[in-house]
Amino acid sequence: MNKLNLCIIFGGKSAEHEVSLQSAYNIVEAVDKEKYSLTLIAMNKEGKFYLCDSLNFLENIDNPKDIKIKNTDNQIAFVPGERGSSIYSLRDNKMIDSIDVIFPIIHGPFGEDGSLQGLLKLIDVPFVGAGVVGSAVGMDKDIMKRLLRDNDIDIADFIIYRDILEADYLSAKDKLGIPMFIKPANLGSSVGISKVTNQDEFLNGLEEAFRFDGKVIVEEFIDGREIECAVKGNLKTKVTFPGEILPTDEFYSYEAKYINETGAVLKIPAELDNNIADNIKEIAKETYKLLETRGLARIDFFVTKDRILVNEINTLPGFTKISMYPKLWKNEGVEYSDLIDELIVFAIEEFDNNDKLLSTI
Ligand SMILES: Nc1ncnc2c1ncn2[C@@H]1O[C@H](COP(=O)(O)OP(=O)(O)O)[C@@H](O)[C@H]1O
Ligand SMILES: [Mg+2]
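Source: prediction; values computed, not measured.

1. Looking at the site of ligand 1
Looking at ligand 1, there are 18 residues lining it, with Gly188, Glu219, Ile222, Phe251 and Tyr252 nearest. Breaking the shell around ligand 1 down by element, the ones donating at least two residues are β11 (180-184) and β19 (308-314). Across the shell around ligand 1, the residue classes break down as nine nonpolar, four polar and five charged. Both of domain 2 (147-151 + 222-353) and domain 3 (157-220) provide at least three residues apiece to the shell around ligand 1.

2. Side note on the sheet that holds β11
If you walk across this open sheet you meet the four strands as β10-β13-β11-β12, and the pairing is antiparallel. Since the sheet does not close on itself, it has two edges, and those belong to β10 (158-161) and β12 (194-196), each with one partner. Geometrically, the sheet is characterised by an average inter-axis angle of 25° between neighbouring strands, direction not taken into account. Where β10 and strand β13 (residues 216-220) come together, four bridges link them in antiparallel fashion. Directly across from phenylalanine 158, in β13, lies its bridge partner glutamate 219. In the packing of helix α5 (residues 169-176) onto the sheet, contacts are made with β10, β11 and β13, and the angle to β13 comes to roughly 45°.

3. Let's talk about helix α1 (residues 17-30)
Over its 14 residues, α1 runs 20 Å from end to end, which matches the ideal 20 Å to within 8%, given 1.5 Å per residue. Along α1, the residues classified as buried are His17, Val19, Ser20, Leu21, Gln22, Ser23, Ala24, Asn26, Ile27 and Val28.

4. What about the sheet that holds strand β2 (residues 36-43)?
Taken in spatial order, the four strands line up as β3-β2-β1-β9 in an open sheet, and their pairing is mixed. Every interior strand has two partners, whereas the edge strands, β3 (49-52) and β9 (101-104), have only one. Adjacent strand axes in the sheet meet at a mean angle of 25°, parallel and antiparallel pairs treated alike. With eight bridges joining them, strand β1 (residues 4-11) and β2 adopt parallel strand pairing. Note on β2: the bridge partner recorded for glycine 11 is methionine 43.

5. Some remarks on the environment of leucine 122
Residue placement: leucine 122 occurs in helix α2 (residues 115-122). Owing to 13 C-beta atoms within 10 Å, leucine 122 belongs among the partly exposed residues under this scheme. Separated by 60 residues in the primary sequence, leucine 122 and isoleucine 182 place their C-alpha atoms 36 Å from one another.

6. Notes on the domain arrangement of the protein
Size of an interface, as often reported, equals the accessible area lost when the parts are brought together. Examined at the domain level, the protein breaks down into domain 1 (4-127), domain 2 (147-151 + 222-353) and domain 3 (157-220). Summarising the inter-unit geometry, the C-alpha centres of domain 1 and domain 2 are found 24 Å apart. Contacts between the two partners involve 18 residues from domain 1 and, on the opposite side, 15 residues from domain 2. At six residues, α1 tops the list of elements feeding residues into the side of domain 1 that touches domain 2. Residue classes in the side of domain 1 that touches domain 2 are distributed as eleven nonpolar, five polar and two charged.

7. A few points about the environment of glycine 205
Looking at the secondary structure, you find glycine 205 in helix α6 (residues 199-210). For glycine 205, a count of 22 C-beta atoms within 10 Å corresponds to the buried category. Taking the C-alpha atoms as reference points, glycine 205 and threonine 248, 43 residues apart in sequence, are found 22 Å from one another. Contacts of glycine 205, omitting those with residues within four sequence positions, involve Ile182, Ser194 and Val196.

Scoring rules and cut-offs
Residues numbered from 1 in each chain as written. Chains lettered and ligands numbered in written order. Predicted model: local features only at pLDDT ≥ 70, side-chain atom pairs only at ≥ 80, totals over all residues. Near = placed C-beta within 6 Å. Helix = DSSP H or I, 4+ residues; strand = E, 2+ residues; numbered from the N terminus. Nonpolar A, V, L, I, M, F, W, Y, C, P; charged D, E, K, R; others polar. Domains from an automatic or database assignment. Pairing = 2+ DSSP bridges. Axes fitted to C-alpha atoms, helices over the stretch in contact; angles between N-to-C directions. Contact = placed C-beta atoms within 7 Å. Expected span 1.5 Å × (residues − 1). Buried ≥ 20, exposed ≤ 12 C-beta atoms within 10 Å, placed from the backbone.

This is the structure we're talking about:
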């Protein structure tokens, strides 16, 4: 059997760089080497791409805070228009082996927001996950929420500011109540997020969020449980029973996600009545579909006594063996390596479907 040449692209310019390295490490360890040959490409924190040794590409693997890409001088460039053989080594002055499918596992801006997906579309190779539109829409909390609201999916009420001078505490408080949550519209990992209860905190929270994005979203506070579901597939989807995040901090902060090991507990499955779980699963599938998602996504909810609200979608969720997404599937009996196989099949299916479309008349 011919092996598929699987290219994994990891790292990236976001706060989730280190998580991405761990996800890549776990994927490389898990995939069936009889089925796949591997090409590893790291995006460093400056956004440059390097070809890595597929057996030895990381340093400090055992330390999640200090994990690093091993130094390599083999910078690469993407060359559109050469289907299959589209990656060029600047050091060796030649194209590298042709690639059958790409698994980009870069979280946050530049990796999960459609920019990398645009590049992969241009080089004409199947890739795992949502395309340009699904990625961009999933990343922008303002656009995502307006699409959900338009489809009668419950969300936290919100206001958008594009300039701090547009913000007025009293009218925001009037509309949203206190506390409020302030977030950069296009980010993740809880970076730049504040929970505020008075005018000073409101202005500080806005300043902080505007450091990261030119668009800021202010939301009503939802006093609810944090419930998450994993979805996979293209137009036909499957969804898991939900899990729950139990933050020990005031909210599920950057610290709780990545620094403090006791910052949050993942409870899988979540303790939920079956009819509520079924509702959540149904809304997860609907959200996935209407946000143009492909391949995989984790959909995050707030669940209160009488409401089920979608908080956000993550189109390239954390993918280490101990991340929520693979663990939710494990709970359904799907092993990590089988999950990767399936995501690759979805990638090729989606590519073939698009490939059939006419590009000229
Ligand atoms: N409107 C809200 N009400 C209550 N808690 C919130 C609200 N928005 C965010 N949070 C808390 O902040 C965390 C991060 O917010 P989220 O919107 O998921 O941003 P990110 O994309 O950075 O993960 C959530 O997991 C939750 O703990
Ligand atoms: Mg979140």
